[in-house]
Amino acid sequence: MVDLATVVKVGLEAAIEQARKSEREGGIPIGSCLLNEDGVVVGLGHNLRVQAGDPTAHAETVCIRNAGRRRDWHTLTLVSTLSPCAMCTGTSILHRIPRVVIGERQNFQGREDWFAAEKVAVEVVNDPRCVEMMRKFIAARPDLWWEDIGVPPGKA
């Protein structure tokens, strides 16, 4: 399995660039990356929910979709700038991805309990760039943020 320093250097950098790409496109700044055992990027994705009008197009699901058909899911590391929601957690569990590295969970903590129940190794790095990017976005666009995580209007 690729070491954490490489995951942060390669994977988190790629995920952050994907998040910035989404924000430039008018979407939600969340990015994801898949790394193989050698630390090579095999999939990238960013949240496309707004851009594509697709409520399932979260960064992690887009990343997994972009990785295509594979038989080595059980050897990959998923990197996300934000703690994955239930849908994205379920997608990675379905494919038996054994390790998830999370850029931050201060602004949102997803279903890390589900990862724990499935014995998925989770590492949270609390990268200040990820924290600040989401903090600024949520403050500027709370409507899109609450829509993205499925909170009905007026219930936030």
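Residues numbered from 1 in each chain as written. Predicted model: local features only at pLDDT ≥ 70, side-chain atom pairs only at ≥ 80, totals over all residues. Heavy atoms only, no water.

**Brief notes about unusual backbone geometry**
Link 1 in the chain: Phi at R96 takes a positive value of approximately 60°, unusual for a residue other than glycine.
Link 2 in the chain: Structurally, the position occupied by R96 is in the loop between α4 (86-94) and β4 (99-102).
Link 3 in the chain: Judged by its relative accessible area of 62%, R96 falls in the exposed class.
Link 4 in the chain: Its identity as a non-glycine residue notwithstanding, N126 has a phi of 45°, on the positive side.
Link 5 in the chain: Inspection of the secondary structure assignment puts N126 in the loop between β5 (121-124) and α6 (128-140).
Link 6 in the chain: Relative accessible area serves as the criterion here: at 34%, N126 is assigned to the partly exposed category. (Helix = DSSP H or I, 4+ residues; strand = E, 2+ residues; numbered from the N terminus. Buried < 20%, exposed > 50% of the residue type's maximum accessible area, 1.4 Å probe, protein only.)

**Side note on the packing of aromatic side chains**
When we look at a pair of aromatic rings, we describe it by the centre distance and by the angle of the planes.
Link 1 in the chain: Taken as a whole and assessed by the stated rule, the structure comprises one aromatic pair.
Link 2 in the chain: Ring geometry for F108 against W145: centres 5.7 Å apart, planes inclined by 85°, an arrangement best described as edge-to-face. Of this pair, F108 sits in the loop between β4 and α5 (112-117) while W145 is found in helix α7 (residues 142-148), placing the two residues 37 residues apart along the sequence.
Link 3 in the chain: On the basis of relative accessibility, which here comes to 2%, the residue W145 falls in the buried class. (Phe/Tyr/Trp six-rings, centres within 6.5 Å; stacked < 30°, edge-to-face > 60°.)

**Observations regarding empty space enclosed by the protein**
Link 1 in the chain: Under the defined criterion, the tally for this structure stands at one cavity of 30 Å³ or more.
Link 2 in the chain: Within this model, the largest cavity holds a volume of roughly 80 Å³.
Link 3 in the chain: I30, H58, L82, S83 and C85 are, among the 13 residues lining the largest cavity, the residues nearest its centre.
Link 4 in the chain: Residue composition of the lining of the largest cavity, by class: seven nonpolar, four polar and two charged. (1 Å grid on protein atoms, 1.4 Å probe; cavity = no way out; pocket = protein on both sides within 12 Å on 5 of 7 lines; lining within 4 Å. Points joined across faces, edges and corners; volume = space filled by probe spheres on them. Nonpolar A, V, L, I, M, F, W, Y, C, P; charged D, E, K, R; others polar.)

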